[in-house]
Amino acid sequence: MRCTRTLPLFGLLLAFMLVGQAFGADAAWPAVPLPAKAWRGPGFYLSLPKIITLWLLFLCWVKTTDWYSTDVQELKVMNYVVWSPIIFGAFFGAYVLSWIIPNFWIALILALIAYLAPLLTYVIIRNGKVTNDLRVLTPEHLRYASAFYLNKIGFKIAYEKPDPLEGGPPIKVTPDAEDERTRNVRLLGARQEPVGLLASREYLAEGLENRASSIMLDYTQQNVAMNFQIDGVWIPCEARDRETGDAALVALKLLCGLNPQDRRGRQQGSFNVEYEKRKINVKFLSQGTQTGERAMLQFEESKTRLKTLEELGMRPKMEEQLRELLGADHGFILVAAPPANGLRTAMNVILNSTDRLTREFAALEEASMRYEEVENVPVSIYNAAEGQSPEENLLRLFRTEPNVVVMRDLVTPQMVSMLCRDSVENNRLQISTIRAKDSAEALLRVLSLGVAPAEFAKGITAVICQRLLRKLCDECKEAYAPTPQILQQLGIPEGRVQAFYRPRQPNPDDPKDICEKCKGIGYHGRTAVFELLVIGDMTRKTLATNPKLDALRAAARKDGMASLQEEGVLLVAKGVTSLPELMRALKQ
C-alpha cells in the first residue's frame, strides 16, 4: 500500500485548521491567556504561512515515500518489512507532535529530522548494494535530474543518465522475457556483475562486427578459447583470460535467468541485442566439458535481411522457372536445404516472391514452431501439447478455400496425404519445407514419414534445394590458371575458362598484410547454389516404384535437372567462389 493513501486524512486536517483560521480572523479568542502555540500568530489566530510550510513538507514526504515504495519493490535489495515502518512511522509520529508542540521552529526541526534521517539512511545503505547507474542523490544523479526537470520548463540542456549498458561497445543487451518484472529482475542481476556485463558486451560486439553468426566460448584451466562462426565456418580468435571470461559467463547466465553456479549441467536461455539498428535474439547454451565448460551464443535476426531470389544467388533462368511453378493453380512444391543452410530464409524469400495480392494465401503452424511473418500470409495456429490435431486444423484451413496453403512442417503421413490429394482434386497450390542434402534426398525424407510412394508421386510437382557457400572476397581474391585435368573433371571444355580464383595468402612476416574487408579470411559473405527438380515422368515413375536415392538422382538428371555440383561449377567459373569452397559445401 502506497503512502499516498494517507493524503485524504491530512487533507481533512488541513481543512479543519483553515476553517479555524477563518473564524479566528474575525472573532475574538477567549480572554484566558493561551501559550504561543506553533500555529498562532499575534492575536491568537491561526498562522497560514506556518501551516503551508509544514504542509509542503508533508507533500515532499508523500513524493519521496512514493518513490521509496516503488524502489524497494523493484530492486529487492532492501527489506521493506523493516524499512516501511521506519520511513512511515517516524515521520507520522513527528508530524502529529509538530501540531501540538507550542514552538513552531522546534516543531519544524523535529519534522525535518524525522523526514530526512530515515530517508537518507535508506538511500546510503541502498546505494551501497546497487551499481553506480542505479544510485541516487549522487553528483551524477543530481546533475541528470536537474537537467531533466529544467528541460521540462523550457531550458535546453543536454543530459544523459550514466548507464554501464551504454558505455563501452555500441551494443545494448536486454533480457528476453514476456513480463516486465522478470526482465527487470534479470537485468538487475546482470548489472551486479559490471565487469562481466561489460566483457560479455565486448564479446558480442566483436562477434557482430566480424559478421559472426555464432560465438563459442571454451573454458579451460588456462584461458577461454573463443571461436566465431563466420559464413558457416568456425574461425579461431584471440583467447581471453579466465577471470574476465568467468565474469562474462556469470553475467550472461543472469541475463538469461539461469544459475551461474552450475558449471556442469546443460542450461539454455535467450536474450536480445540491439546493434547498428539491428534487433537480434541471442540463443545461449552452456554445457560442462572435461576441461571446464562450453558456452554457445547463436545470433538470430528478427527479420530476414534478404528480400529477392536474386539476392539469394539464384540464376535468372532458374528464377523464371520457379516463378512459373509458384504461379501455377495447383501443385505441391517442396523447399529443401541441409541444417544450417538457410532453409527458413529461403522459404521467406520464396514466399515474398509470390503473388499474394490477387491470390489468397493461408499458413498453418504449430504453437511451439513459429516462423517469421510474411505479409499477406495469414497464419492459423494449433497446439499439439493440448491435443490439437494438425490434420483437423489443416482440414479446417482447406474449408476457408485459399488459393495457396503454406505448411512448413510435415509432421505426419496423414498430413502429407491430405496435401497431395488436395493439390490434385481441388486445384490448390501447396508449399512446404524439409531438411535434406539434395532434391532426391528431400523426396525420400517425405516418404520416410510413412507416406504411400504412389500417392506422393502423384501429388508432388517440384523440389527446390539450396546449399550455402562462401563468396570470395572481391578485394583480395587472386586468379590462377586451372590445369586441364581439373577442367576435364569438372566438365568444362578446354579454353572456355581462362582462370579460377582463390583466397590470397597474406605474407606471414608482415602483420599489416591483411585485407581490411575480410580480415584475412579470404571470403566475405555467402551465396546459395540451387538445384531445381521439376518432377517429370521418369522421376515420378521412379518415386512410385523404386524410391531409392541413386535411382532418383539418375531419374532427375534424365528429367533435365542440373545438380548442385553442376550449378556450383558455374559459380567457380565466374569467380564467385573457389573450387575448394564448393567441395567443402557439397561434403556437408
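Everything discussed here concerns the structure shown above.
Definitions and limits used
- Residues numbered from 1 in each chain as written.
- Predicted model: local features only at pLDDT ≥ 70, side-chain atom pairs only at ≥ 80, totals over all residues.
- Heavy atoms only, no water.
- Helix = DSSP H or I, 4+ residues; strand = E, 2+ residues; numbered from the N terminus.
- Buried < 20%, exposed > 50% of the residue type's maximum accessible area, 1.4 Å probe, protein only.
- Areas by Shrake-Rupley, 256 points an atom, 1.4 Å probe, with all protein chains shown as cover.
- Pairing = 2+ DSSP bridges.
- Axes fitted to C-alpha atoms, helices over the stretch in contact; angles between N-to-C directions.
- Contact = heavy atoms within 4.5 Å.
- Parallel < 35°, antiparallel > 145°, perpendicular 65-115°, else oblique.
- Nonpolar A, V, L, I, M, F, W, Y, C, P; charged D, E, K, R; others polar.
- Salt bridge = Lys/Arg side-chain N within 4 Å of Asp/Glu carboxyl O.
- 1 Å grid on protein atoms, 1.4 Å probe; cavity = no way out; pocket = protein on both sides within 12 Å on 5 of 7 lines; lining within 4 Å.
- Points joined across faces, edges and corners; volume = space filled by probe spheres on them.
- Phe/Tyr/Trp six-rings, centres within 6.5 Å; stacked < 30°, edge-to-face > 60°.
- Arc of directions from axis to C-beta.
- Patch = residues over 30% accessible without salt bridge, like charges linked within 9 Å, V, L, I, M, F, W, Y side chains within 5 Å.
- Polar contact = N/O pair within 3.5 Å; in protein donor to acceptor, adjacent residues only side chain to side chain.

J.: Can you break down the overall build of the protein chain residue by residue, with the values?
T.: Helices and strands together make up the secondary structure of the protein chain, namely 20 helices and 17 strands. Burial analysis of the protein chain (588 residues in total) assigns 44% to the buried set. Summed over all atoms, the accessible surface of the protein chain reaches about 31,300 Å², with 55% contributed by carbon and sulfur.

J.: Mind laying out the sheet that holds strand β13 (residues 429-435), listing which residues take part and the relevant values?
T.: In space, the seven strands of this open sheet follow the order β11-β10-β12-β13-β9-β14-β17, with mixed pairing throughout. Single-partner strands in this sheet number two, and they are β11 (379-382) and β17 (523-534). In this sheet, adjacent strand axes meet at a mean angle of 20 degrees when their direction is disregarded. As paired strands, strand β12 (residues 404-407) and β13 are joined by four bridges and run parallel to one another. By the bridge assignment, Val404 is partnered in β13 with Leu429. Strand contacts of helix α10 (residues 316-326): β9 (331-337), β13, β14 (462-472) and β17, with the helix running at about 55 degrees to β17, the strand carrying the most contacts.

J.: Any chance you could break down the packing of helix α2 (residues 48-75) against helix α3 (residues 80-98) for me, citing the residues and the numbers?
T.: It is the contact of α2 with α3, at a shortest axis distance of 11 Å, that shows an interaxial angle of 175 degrees. Between α2 and α3, the interaxial angle falls into the category roughly antiparallel. Contact residues: α2 offers Leu54, Trp55, Leu57, Phe58, Trp61, Thr65, Tyr68 and Val72, while α3 offers Tyr80, Trp83, Ser84, Ile87, Phe88, Phe91, Tyr95 and Ser98. Partitioned by chemical class, the residues of the contact of α2 with α3 number 13 nonpolar, three polar and no charged.

J.: I'd like a rundown of the pairing of strand β6 (residues 267-275), residues and numbers included.
T.: Where strand β1 (residues 171-175) meets β6, five bridges bridge the pair, whose relative direction is antiparallel. Looking across to β6, one finds that Ile171 is bridged to Tyr275.

J.: Which residues make up the pattern of salt bridges, and what values do they have?
T.: The final tally for this structure, using the stated rule, is 20 salt bridges. The residue Arg370 makes a salt bridge to Glu365 at a minimum N-O spacing of 2.8 Å. With relative accessibility at 35%, the residue Arg370 sits in the partly exposed group. Here Glu441 ties to Arg445 by a salt bridge, and the two come within 3.6 Å at their closest N and O atoms. Highlighted residues: Glu441 and Arg445, both in helix α14 (residues 439-447), separated by four residues, approximately one helical turn.

J.: So what about the side chain of Ser439? Which residues, and what values?
T.: With respect to the helices and strands, the residue Ser439 is situated in helix α14. When neighbours within four sequence positions are excluded, Ser439 is seen to be in contact with Val463, Cys465, Glu531, Leu533 and Met561.

J.: Tell me about unusual backbone geometry, residues and numbers included.
T.: The backbone of Glu276 sits at a positive phi, close to 50 degrees, despite the residue not being glycine. Tracing the backbone shows Glu276 in the loop between β6 and β7 (278-288). A residue is classified by how much of its surface remains accessible, and Glu276, at 57% relative accessible area, is exposed. Of note in the backbone geometry, Lys277 takes a positive phi value of approximately 65 degrees without being a glycine.

J.: Which residues make up empty space enclosed by the protein, and what values go with them?
T.: Taken as a whole and judged by the stated rule, the model has four cavities of 30 Å³ or more. By volume, the largest cavity is sized at about 80 Å³. Every residue along the wall of the largest cavity is listed here: Gly313, Met314, Arg315, Met318, Ala528, Val529, Phe530, Glu567, Leu570 and Leu571. Residue assignment for the lining of the largest cavity shows that the elements contributing at least two residues are β17 and α19 (564-573). Looking at the lining of the largest cavity residue by residue, the classes come out as seven nonpolar, one polar and two charged.

J.: Provide a residue-level description of the packing of aromatic side chains, including the pertinent values.
T.: All told, the structure shown has 11 aromatic pairs when counted by the stated rule. Measuring from ring centre to ring centre gives 6.2 Å for Tyr480 and Phe500, while their planes differ by 85 degrees; the resulting arrangement is edge-to-face. With Tyr480 in strand β15 (residues 478-480) and Phe500 in strand β16 (residues 500-502), this residue pair connects regions lying 20 residues apart in the sequence. Through successive ring pairs, a cluster of aromatic residues spans Trp55, Phe58, Trp61, Phe88, Phe91, Phe92 and Tyr115.

J.: Tell me about α10, and name the residues and values.
T.: Looking at α10, one finds that the buried residues are Met318, Glu319, Leu322, Leu325 and Leu326. Projection of α10 onto a plane perpendicular to its axis shows the buried side chains occupying an angular sector of 120 degrees, all on one side. Every exposed residue of α10 that faces more than 90 degrees away from the buried side is listed here: Pro316, Lys317, Glu320 and Glu324.

J.: A description of a nonpolar patch on the surface should follow, citing residues and the corresponding values.
T.: On the surface, a nonpolar cluster with roughly 590 Å² of combined accessible area is contributed by Leu112, Leu116, Leu120, Ile124, Ile125, Leu137 and Leu142. Considering each element in turn, the nonpolar patch owes the most residues, five residues, to helix α4 (residues 104-127). Note on placement: Ile124 falls in helix α4.

J.: Explain the layout of surface pockets to me, using residue names and the numbers behind them.
T.: If a probe as big as a water molecule is rolled over the atoms, it shows which places are left empty. Roughly 2,000 Å³ of volume is contained in the largest pocket. Lining the largest pocket are 50 residues, and of these Phe299, Glu300, Glu301, Thr345 and Arg526 lie nearest its centre. The set of elements that each furnish at least two residues to the lining of the largest pocket consists of β2 (212-219), β7, β8 (293-301), α9 (309-312), α11 (343-352), β14 and β17.

J.: Outline the pairing of strand β3 (residues 223-230), listing residues and values.
T.: Across a regular strand the side chains alternate sides, sitting on one face of the sheet and then on the other. Where burial is concerned, most of β3 is hidden: six out of the eight residues are buried. With seven bridges connecting them, β2 and β3 associate as antiparallel partners. Within β3, the residue paired with Asp218 across the bridge is Ala225. Counting the residues in the hairpin turn of β2 and β3 gives three residues. The pairing of β3 with strand β5 (residues 240-241) spans two bridges and is classified as antiparallel. By the bridge assignment for β5, Val224 is matched with Arg240. As defined by bridge partners, β3 adjoins strand β4 (residues 233-236) across four bridges and the pair is classed as antiparallel.

J.: Describe the side chain of Ser432, naming the residues involved and giving the relevant values.
T.: As for its position among the elements, Ser432 is in strand β13. Of note is the side chain of Ser432, whose polar atom sits 2.4 Å from the backbone oxygen of Met407. A polar atom in the side chain of Ser432 sits 3.5 Å from the backbone oxygen of Arg408. Setting aside residues no more than four positions away along its own chain, Ser432 makes contact with Phe332, Ile333, Leu334, Val335, Met347, Met407, Arg408 and Leu410.

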